[in-house]
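An overview of the molecular structure
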Amino acid sequence: MKGMHNDVFKLYAEIIEITEKPDLPIGELGKNVAGNSFSMDDQDDLSGSSTRAILDIGLLDMQPQYLILEDTKLKIIDASSDMTVVDISHTKKKYKVGDLISFKLDYMGALSILNSNYVDKKVED
């Protein structure tokens, strides 16, 4: 529609933990709370490790597929009920605990966030 914008809503999630993790999981693999299991892509190099940030937002608030990371060097790994894991290994920015990671939202992302009782909303001009 003429005059419509897809940059009206932004989501900021706080980093609550940063840790180095092996790319290939160790031990028996289970399913997350949404019933999804980890899958390995043959093209990925899973021989090393990566730096992961845990964010203070999860499936209770949104579905990760509706979020668009503004830092395109980041990658969403997965989410649990109240946390989301993001790979921060390939960005030049030196993220630390307490930093905010910003997301653009597609329509379904905005719908979920606006209806979540657990996400603070702030209107800015």
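These numbers come from a predicted model, not from an experiment.

Our next topic: the environment of Lys73. Note that Lys73 resides in the loop between strand S3 (67-69) and strand S4 (75-79). Taking the C-alpha atoms as reference points, Lys73 and Lys92, 19 residues apart in sequence, are found 8.3 Å from one another. Residues contacting Lys73, with those up to four places away along its chain left out, are Asp87, His90 and Thr91.

Read from one edge to the other, the open sheet built from six strands follows the order S3-S6-S1-S2-S5-S4, with strand pairing classed as antiparallel. Only two strands of the sheet have a single neighbouring strand rather than two, namely S3 and S4. With direction set aside, neighbouring strand axes in the sheet form an average angle of 40 degrees. One ladder, built from seven bridges, connects strand S1 (residues 10-22) with strand S2 (residues 49-55); its direction is antiparallel. Considered in S2, the bridge of Ile18 is made with Ala53.

The next thing to look at is the side chain of Thr91. Topologically, Thr91 is positioned in the loop between strand S5 (84-87) and strand S6 (100-105). There is a polar contact of 2.8 Å between the side chain of Thr91 and the side chain of Asp71. Within the structure, the side chain of Thr91 is placed 3.3 Å from the backbone nitrogen of Lys93, a separation counted as a polar contact. Other than its neighbours up to four places away in sequence, Thr91 contacts Asp71, Lys73 and Leu74.

The next thing to look at is the pattern of salt bridges. Applying the stated criterion across every chain, the model contains three salt bridges. Between Glu70 and Lys10 there is a salt bridge whose closest N-O contact spans 3.4 Å. With Glu70 in the loop between S3 and S4 and Lys10 in strand S1, this residue pair connects regions lying 60 residues apart in the sequence. The exposure class assigned to Glu70 is partly exposed, which follows from its relative accessible area of 29%. For Lys10, a relative accessible area of 44% gives the class partly exposed. When the shortest N-O distance is used, the salt bridge between Asp99 and Lys96 registers 3.1 Å.

So, about the pairing of S6. Examined bridge by bridge, S1 and S6 share five bridges and lie antiparallel to one another. Bridge assignment links Lys10 to a residue of S6, and that residue is Lys104. Here S3 pairs with S6 via three bridges, running antiparallel. Residue pairing in the sheet places Ile68 in a bridge with Lys104 of S6.

Reading the values: the criteria
Counting of residues starts from 1 at the beginning of each chain's written sequence and follows it residue by residue. In view of the model being predicted, local features appear only for residues whose pLDDT reaches at least 70, and side-chain atom pairs are presented and counted only at 80 or more, with totals across whole chains, interfaces and linings using the full set of residues. Values reported for side chains reflect all heavy atoms of the structure, with hydrogen atoms and water molecules removed beforehand. The numbering of helices and of strands both runs from the N terminus, where a helix is a DSSP run of H or I of at least 4 residues and a strand a run of E of at least 2. It only takes one pair of heavy atoms within 4.5 Å for two residues to be counted as in contact. What makes two strands pair is DSSP finding at least two bridges between them. Note on geometry: axes are lines fitted to C-alpha atoms, helical ones only across the stretch in contact, with angles between N-to-C directions running from 0 to 180 degrees. Two N or O atoms count as a polar contact when they lie within 3.5 Å, although within protein this holds only if one can serve as hydrogen donor and the other as acceptor, and sequence-adjacent residues are included solely when both atoms are side-chain atoms. Any carboxyl oxygen of Asp or Glu that lies within 4 Å of a side-chain nitrogen of Lys or Arg is treated as forming a salt bridge with it. In this scheme, a residue with accessible area under 20% of its type's maximum is buried, one over 50% is exposed, and one in between is partly exposed, where area comes from a 1.4 Å probe on protein chains only.

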